[in-house]
Amino acid sequence: MFTQFATYVTTWLSRTGVIQDDDIELYQYGFFILLTGIFHFIITVVLGFFFNVFCESILFYIMFTLLRSYAGGIHAKTESQCLVLSDLAILICVAGIRILQNSSSIMPPLILLSVGFGCILKLSPLDTEEKPLTTEERRLYKMHSQCIALNIVILAVVTYAIGINGIFHCAAVSLALEGLLLVAGKMSKYSQISDYPE
Amino acid sequence: MKHCKEMLAKIAKATVEKALQRDANSTTCVFIYQPKTPQNLNRFKKSK
């Protein structure tokens, strides 16, 4: 769906002469990235509205996007798998924020925050076959992802201390989701290696 | 009308270039499908 739309828009841009024919593939890729980002943002906001955590859902999207861009993690093999899995993950996270807000205990969000933070420190960045990183990029993005995760944890703890629990819950859920994607990505990489012994 | 279309095309191009710049300087794309990156994406990288 997104690929078709990206192809349509890129062909139109090429016909108007705004982009060169050599760059069609590049702009098609760019439109795909942009459209999926907008689509998932809308899904997050709509779910946030239904679960009555509108602002928290936007905050979750921002925190998760920042973390995911640098930390990486598992990816679906096809576009349709991506659509289903991403929206399912967003649904679980937005519902999770609602559940955490209804619960008075600090332990569940604290555990999610700590485990997610630990996974990011240990496993990031995790690249893919489609977009491999150089050694320098790996070093740089590890530092970026750890800094972002640390800032989110500090923000969560400080806001919880002054009584703004919403930010604490968003941070816990976004760190936990990123941690889970990193663990799943690492496991998938190991299983691929063990499938092809030397 | 033609002028309007040209303007729209230029805005679309600029927006996509921002997305490409962001993607070129990150580990993966945000959601759970990473298409194969085009070779010329490297020109949007800050460190080459």
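A few points on the structure. All of these numbers come straight from a predicted model, not from anything done at the bench.

Let's shift gears to helix α1 (residues 2–24) of chain B. With 23 residues, α1 of chain B extends 32 Å between its outermost C-alpha atoms, agreeing within 8% with the 33 Å of an ideal straight helix rising 1.5 Å per residue. If you follow the buried residues of α1 of chain B, they end up packed against α1 (2–16), α2 (24–50) and α6 (135–161) of chain A.

All names here are of chain A. Counted under the stated rule, the structure contains five aromatic pairs over all chains. Judged by centre distance (4.7 Å) and plane angle (45°), the rings of Tyr160 and Phe168 are tilted. Residue Phe168 is classed as buried on the basis of its relative accessible area, which comes to 2%.

With 39 residues, the main nonpolar core has Phe60, Phe64, Leu67, Leu113, Ile152, Leu175 and Leu177 of chain A as its most contacted residues. Taken together, the elements giving at least two residues each to this core come down to α3 (54–71), α4 (79–102), α5 (107–123), α6 and α7 (165–195) of chain A. Residues in contact with Phe64 of chain A, not counting those within four places in the same chain, are Ser174, Leu177, Glu178 and Leu181 of chain A together with Val30 and Phe31 of chain B.

Moving on: α6 of chain A. Taking 1.5 Å of rise per residue, 27 residues should cover 39 Å, and α6 of chain A covers 39 Å from first to last C-alpha, within 8% of that figure. Directly after α6 of chain A, the chain includes Gly163 of chain A, whose backbone phi takes a positive value near 95°.

All names here are of chain A. Along the chain, the position of Tyr160 falls in helix α6. On the basis of relative accessibility, which here comes to 29%, the residue Tyr160 falls in the partly exposed class. In this structure the C-alpha to C-alpha distance between Tyr160 and Glu129, which are 31 residues apart in sequence, comes to 39 Å. Sequence-distant contacts of Tyr160, that is, excluding residues within four places in its chain, are made with Ile106, Asn165 and Phe168.

Attention shifts here to the environment of Arg43 of chain B. Along the chain, the position of Arg43 of chain B falls in the segment after α1. For Arg43 of chain B and Ala24 of chain B, which are 19 residues apart along the polypeptide, the C-alpha to C-alpha distance reads 8.4 Å. A polar atom in the side chain of Arg43 of chain B sits 3.3 Å from the side chain of Asp23 of chain A.

All names here are of chain A. In the contact formed by α3 and α4, the axes pass within 10 Å of each other and the chain directions differ by 125°. By the angle between their axes, α3 is oblique relative to α4. Crossing handedness for the pair α3 and α4: right-handed. Residue-level inspection shows Glu56, Ser57 and Phe60 of α3 in contact with α4, the latter providing Cys93, Val94, Ile97 and Gln101. By residue class, the composition of the contact of α3 with α4 is four nonpolar, two polar and one charged.

Let us now look at the interface of chain B and chain A. At the junction of the two partners, chain B supplies 33 residues and chain A supplies 45 residues. Summing both sides of the interface, chain B and chain A together bury roughly 3,600 Å²; the carbon and sulfur share of this comes to 67%. One can count three salt bridges joining chain B with chain A. Between Asp23 of chain A and Arg43 of chain B there is a salt bridge whose closest N-O contact spans 3.3 Å. Viewed at the interface, chain A and chain B are joined by 11 residue pairs in polar contact (both at pLDDT 80 or more). Residues of the side of chain B that touches chain A, tallied by class, amount to 16 nonpolar, eight polar and nine charged.

Rules behind the numbers
Residues numbered from 1 in each chain as written. Chains lettered and ligands numbered in written order. Predicted model: local features only at pLDDT ≥ 70, side-chain atom pairs only at ≥ 80, totals over all residues. Heavy atoms only, no water. Helix = DSSP H or I, 4+ residues; strand = E, 2+ residues; numbered from the N terminus. Expected span 1.5 Å × (residues − 1). Contact = heavy atoms within 4.5 Å. Phe/Tyr/Trp six-rings, centres within 6.5 Å; stacked < 30°, edge-to-face > 60°. Buried < 20%, exposed > 50% of the residue type's maximum accessible area, 1.4 Å probe, protein only. Core = buried A, V, L, I, M, F, W, Y, C linked by side-chain atoms within 4.5 Å. Polar contact = N/O pair within 3.5 Å; in protein donor to acceptor, adjacent residues only side chain to side chain. Axes fitted to C-alpha atoms, helices over the stretch in contact; angles between N-to-C directions. Parallel < 35°, antiparallel > 145°, perpendicular 65-115°, else oblique. Left-handed = near helix turned anticlockwise from the far one by under 90°. Nonpolar A, V, L, I, M, F, W, Y, C, P; charged D, E, K, R; others polar. Buried area = accessible area lost by both parts, 1.4 Å probe. Salt bridge = Lys/Arg side-chain N within 4 Å of Asp/Glu carboxyl O.

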